[in-house]
Amino acid sequence: STAYSDYWMSESVAEYFGLRYVEKVLGPAELKAMLDRKRPAVATGGPLIGVDHKPTGAALYQKGPVLLFDLEARIGRPALERILAHPNPPDTTDAFLRALGAEAGADVAKDFEARLK
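These lines cover the structure that appears in this document, whether it is placed above or below. (Residues numbered from 1 in each chain as written. Predicted model: local features only at pLDDT ≥ 70, side-chain atom pairs only at ≥ 80, totals over all residues. Heavy atoms only, no water.)

Considerations on the pattern of salt bridges
Two side chains carrying opposite charge are able to pair once their charged atoms lie near each other.
Then step 1. Summed over the entire model, instances satisfying the criterion amount to 10 salt bridges.
Then step 2. Residue R77 is joined to E23 by a salt bridge in which the shortest nitrogen-to-oxygen separation is 2.8 Å. With a gap of 54 residues between them, R77 in helix α5 (residues 77–84) and E23 in helix α1 (residues 2–26) connect regions that are remote in the sequence.
Then step 3. Ionic pairing is found between E72 and R77, a salt bridge with its closest N-O pair at 3.0 Å.
Then step 4. For R77, a relative accessible area of 24% translates into the label partly exposed.
Then step 5. When salt bridges with common partners are traced through the structure, they connect E23, E72 and R77 into a single cluster. (Salt bridge = Lys/Arg side-chain N within 4 Å of Asp/Glu carboxyl O. Helix = DSSP H or I, 4+ residues; strand = E, 2+ residues; numbered from the N terminus. Buried < 20%, exposed > 50% of the residue type's maximum accessible area, 1.4 Å probe, protein only.)

If you want it as structure tokens, here you go:
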């Protein structure tokens, strides 16, 4: 269902910003250590979109934020902030992918969507 495909938008994005806080307070080395612990879930956590049930905790709280940091590394933090850090950020996967496509190009959006599956 669409609702489950959008679930990551609140949970993974919140975790992403929480980790940005860790980076600000504890430094980039601690952020890297935390992301390194989460990284195995990219392969094993299951899909974030395209299923008819809530994504796993590993997908939401480990895979999702890692994918967002990987996206940030690809397109730059300012570009990702233009999508996520304003008064009306996208709250659905479709809206996020449209904003990402407008910001970074259709190929980047298509690749990110594939990673969410």
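Observations concerning helix α2 (residues 28–38)
Then step 1. Along α2, the residues that are buried comprise L31, L35 and K38. Each buried residue of α2 lies within a common arc of 55 degrees when the element is viewed along its axis, so the set occupies one face. Residues A29, K32 and R37 are exposed on α2 and point more than 90 degrees away from its buried face. (Arc of directions from axis to C-beta.)

Points about the packing of helix α6 (residues 93–104) against helix α7 (residues 106–116)
Then step 1. The contact between α6 and α7 brings their axes to 7 Å, and the two run at 145 degrees. Crossing geometry of α6 relative to α7 is assigned as right-handed. Mapping the contact onto sequence places T93, F96, L97, L100, G101 and A104 in α6 and A106, V108, A109, F112, E113 and L116 in α7.
Then step 2. Tallied by class, the residues present in the contact of α6 with α7 amount to nine nonpolar, two polar and one charged. (Axes fitted to C-alpha atoms, helices over the stretch in contact; angles between N-to-C directions. Left-handed = near helix turned anticlockwise from the far one by under 90°. Contact = heavy atoms within 4.5 Å. Nonpolar A, V, L, I, M, F, W, Y, C, P; charged D, E, K, R; others polar.)

Describing the packing of aromatic side chains
Then step 1. Under the counting rule described, the total for this entry stands at five aromatic pairs.
Then step 2. Here the aromatic rings of W8 and F96 are separated by 5.5 Å at their centres, their planes lie at 85 degrees, and the arrangement is edge-to-face. Of this pair, W8 sits in helix α1 while F96 sits in helix α6, placing them 88 residues apart in sequence.
Then step 3. Where Y16 meets F69, the ring centres are 4.7 Å apart and the plane angle is 50 degrees; that geometry is what we call tilted. Here F69 lies in helix α4 (residues 57–75) and Y16 lies in helix α1, a separation of 53 residues in the sequence.
Then step 4. Among the residues examined, Y16 registers a relative accessible area of 1% and is labelled buried.
Then step 5. One aromatic cluster is present, formed by W8, F96 and F112 through successive ring pairs. (Phe/Tyr/Trp six-rings, centres within 6.5 Å; stacked < 30°, edge-to-face > 60°.)

Some points on a nonpolar patch on the surface
Then step 1. The grouping of Y21, V25 and L26 at the surface amounts to a nonpolar patch, some 350 Å² of accessible area in total.
Then step 2. Note that Y21 resides in helix α1.
Then step 3. Given the relative accessible area of 58%, Y21 is considered exposed. (Patch = residues over 30% accessible without salt bridge, like charges linked within 9 Å, V, L, I, M, F, W, Y side chains within 5 Å. Areas by Shrake-Rupley, 256 points an atom, 1.4 Å probe, with all protein chains shown as cover.)

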